[in-house]
Amino acid sequence: MAVNDNDMELLHEYVDGELPMSDCEGLWRRLAIERELMGELDRLRADHAVRTMVWSSLEPDESTVARLQAKVMRATRREDFMSWGGNFLRIAASAAALILFGVTVGWMGRDRYHGMPVVSHPSQNESQMASSGLGAAPASGQFNVEVRDRSGNLLAPIQQFGSLQEAKQFAHDVQADQSSPTGTDWNVVPEINKF
Amino acid sequence: MSMDENGRQPAAAESTNELFERAVQLHSRRLLAIARAIVGNRASPEDVVQQAFMNLYQHRDRYDWREAGGLMRRTVVNEALRILRQPRMSVLPDDAGDLGPSQSPSRHMLEGEAVLQVRRAIERLPENFRAALVLCEYEKMSYAQIAETLGASIPQVKTWIHRGRRQLAEMLRAFADQT
């Protein structure tokens, strides 16, 4: 009886140790009585033995293995160095970008510094006024006004007023009288504490 | 704590790099043989294995290196198949006569020709057949493990192995008839 394709697959699975035990028992019974099947199994085993030699012949010698391992270790060190270098470059680039940003912002803001309202009489209320704005100033007391243009040129020296309204009016008047091309700024500082 | 492939208990302080290095030392030989079986003389097995190792090293923190055998085998097989699928392949000098370090000269004389012919026949098999055969017969992997490694189904792996052996038998029968 000829060995068909299904029987061959059965034999392959048996040789590979993949045939379930229940099927193995059936195969053993058939092998005992079917000579062709047994012959095919012997042939498969012989081929398998030759291929085992082939697979063994593919194994490299010690020097090849050592060479590969050395190459891999060198490559991993190179990879580590490149990774470290990449991180270093990223950090350096970020730092450079931050510095450049700071310098740019500073450069752009340099003119604005000259145009800031100037207070010539430091007092303990000066910072409060600067931070809270004129709206927070008290309605009465001593108010100093100094008027400068945006370039920082003095247009009117410090003068004292009794109320915020008077101080503002004075500043507006100076502003209206002057024809400075850079515009005019003014600031009012309440002098609550006498000095 | 789990044991590694060698039954050793890994030291707590052992870094990923140290585990990787140990895995490379442990598996290089067999992986080279697998790569050689799959790529034949169409690429350098050393290059295949090295590239596979480097692919793993670049993402080394993702893997458990205490049992790296299966991972490395899968990566080498995939790398070998990827290289074979590239359109332009250079053919390396045929070293099929080299039967490895462990054989005596007389055995070499007797078996050399048969082994040479089988190796050449294996090189003519389709790449998936070759990969399935080497994993089955050399690595003694189960069909399920081969299927996982090659990203195929178990019936597909069975078919590849079965057809591969049949084609080999036909090629070698033709060789036997010639001689």
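Residues numbered from 1 in each chain as written. Chains lettered and ligands numbered in written order. Predicted model: local features only at pLDDT ≥ 70, side-chain atom pairs only at ≥ 80, totals over all residues.

1. Section: the overall build of chain B
To keep things clear, this is the line we draw: The helix and strand labels rest on DSSP assignments: H or I over at least four residues marks a helix, E over at least two residues marks a strand, and numbering proceeds from the N terminus. By the convention adopted here, residues make contact when the C-beta atoms placed from their backbones lie within 7 Å.
For chain B, the helix and strand inventory stands at seven helices and zero strands. Counting from the amino terminus, chain B carries its helices and strands in the arrangement α-α-α-α-α-α-α. Within chain B, contacts between residues separated by at least 24 positions form 68% of all contacts whose residues are at least 6 apart in sequence.

2. Observations regarding the overall build of chain A
Note the following rule: Put simply, a residue is buried when 20 or more other C-beta atoms lie within 10 Å of its own C-beta and exposed when 12 or fewer do; between those, it is partly exposed, and each C-beta is set from the backbone.
Counting secondary structure elements, chain A contains six helices and three strands. For chain A, the N- to C-terminal ordering of α and β elements is α-α-α-α-α-β-β-α-β. The buried share of chain A, taken over its 195 residues, is 15%. The long-range fraction of contacts in chain A, counting pairs at least 24 apart against all pairs at least 6 apart in sequence, stands at 64%.

3. Section: the nonpolar core
Note the following rule: Any nonpolar core is a set of buried residues, restricted to Ala, Val, Leu, Ile, Met, Phe, Trp, Tyr and Cys, that join up through C-beta atoms within 7 Å.
Ile-34, Ala-35, Ile-38, Val-48, Val-49, Val-76 and Ala-132 of chain B are the most contacted members of the largest nonpolar core, which totals 50 residues. It is helix α1 (residues 16–39) of chain B that contributes the most residues to this core, 11 residues altogether.

4. A few points about the environment of Ala-23 of chain B
Residue and element names in this part refer to chain B. Topologically, Ala-23 is positioned in helix α1. We classify Ala-23 as buried; it has 23 C-beta atoms within 10 Å. The spacing of Ala-23 and Phe-53 is 30 residues in sequence and 9.9 Å in space, taken between C-alpha atoms.

5. A short note on unusual backbone geometry
You will see that Lys-140 of chain B, though not glycine, has its phi angle at about 55°, which is positive. Within the secondary structure layout, Lys-140 of chain B lies in the loop between α5 (127–138) and α6 (143–150).

6. Digging into the packing of helix α3 (residues 35–57) of chain A against α5 of chain B
The test is simple: Between the N-to-C directions of two axes lies an angle of 0 to 180 degrees, each axis being a line fitted to C-alpha atoms and, for a helix, fitted only over the stretch in contact. Angle categories are assigned with fixed cut-offs, so that under 35 degrees is roughly parallel, over 145 is roughly antiparallel, 65 to 115 is roughly perpendicular, and the rest are oblique. Throughout this entry, Asp, Glu, Lys and Arg are counted as charged residues, while Ala, Val, Leu, Ile, Met, Phe, Trp, Tyr, Cys and Pro are counted as nonpolar. The remaining residues, Gly among them, count as polar.
Between α3 of chain A and α5 of chain B, the least distance of the axes is 10 Å, while the angle of their chain directions is 95°. Here α3 of chain A lies roughly perpendicular to α5 of chain B, going by the angle between them. Across the interface between the two elements, His-48, Arg-51, Thr-52 and Trp-55 of chain A from α3 of chain A touch Val-134, Glu-137 and Tyr-138 of chain B from α5 of chain B. Its residues assigned to classes, the contact of α3 of chain A with α5 of chain B comprises three nonpolar, two polar and two charged.

7. What to know about the interface of chain A and chain B
In this assembly, 29 residues from chain A lie in contact with 36 residues from chain B. Those elements that place two or more of their residues in the side of chain A that touches chain B are α1 (5–15), α3 and α4 (62–114) of chain A. The residue makeup of the side of chain A that touches chain B, split by class, is 12 nonpolar, eight polar and nine charged.

8. With respect to the confidence of the model for chain A
Residues and elements named next belong to chain A. Rules: In predicted models, pLDDT denotes the confidence assigned by the predictor to each residue on a 0 to 100 scale.
With 74% of its residues at a pLDDT of 70 or more, chain A shows a mean pLDDT of 77. Within chain A, helix α2 (residues 21–33) carries the highest mean pLDDT (91), whereas helix α5 (residues 126–132) carries the lowest (46). Of the regions scoring below 50 in pLDDT, residues 115–139 engages in 35 contacts with residues more than four places distant in sequence or in other chains.

9. Examining the confidence of the model for chain B
Residue and element names in this part refer to chain B. Residues with a pLDDT of 70 or more make up 77% of chain B, whose mean pLDDT is 81. Within the model, the stretch residues 96–103 combines pLDDT values under 50 with 14 contacts to residues more than four positions away or in other chains. On the interface metric, ipTM, the complex scores 0.74, and its pTM is 0.62.

10. Structural notes on α2 of chain A
As a reminder, the rule being used: Under the convention used throughout, the expected extent of a helix is 1.5 Å for every residue step, that is, one less than its residue count.
With 13 residues, α2 of chain A extends 19 Å from end C-alpha to end C-alpha; this agrees with the ideal 18 Å at 1.5 Å per step. Summarising burial for α2 of chain A: zero of the 13 residues are buried, a small minority.

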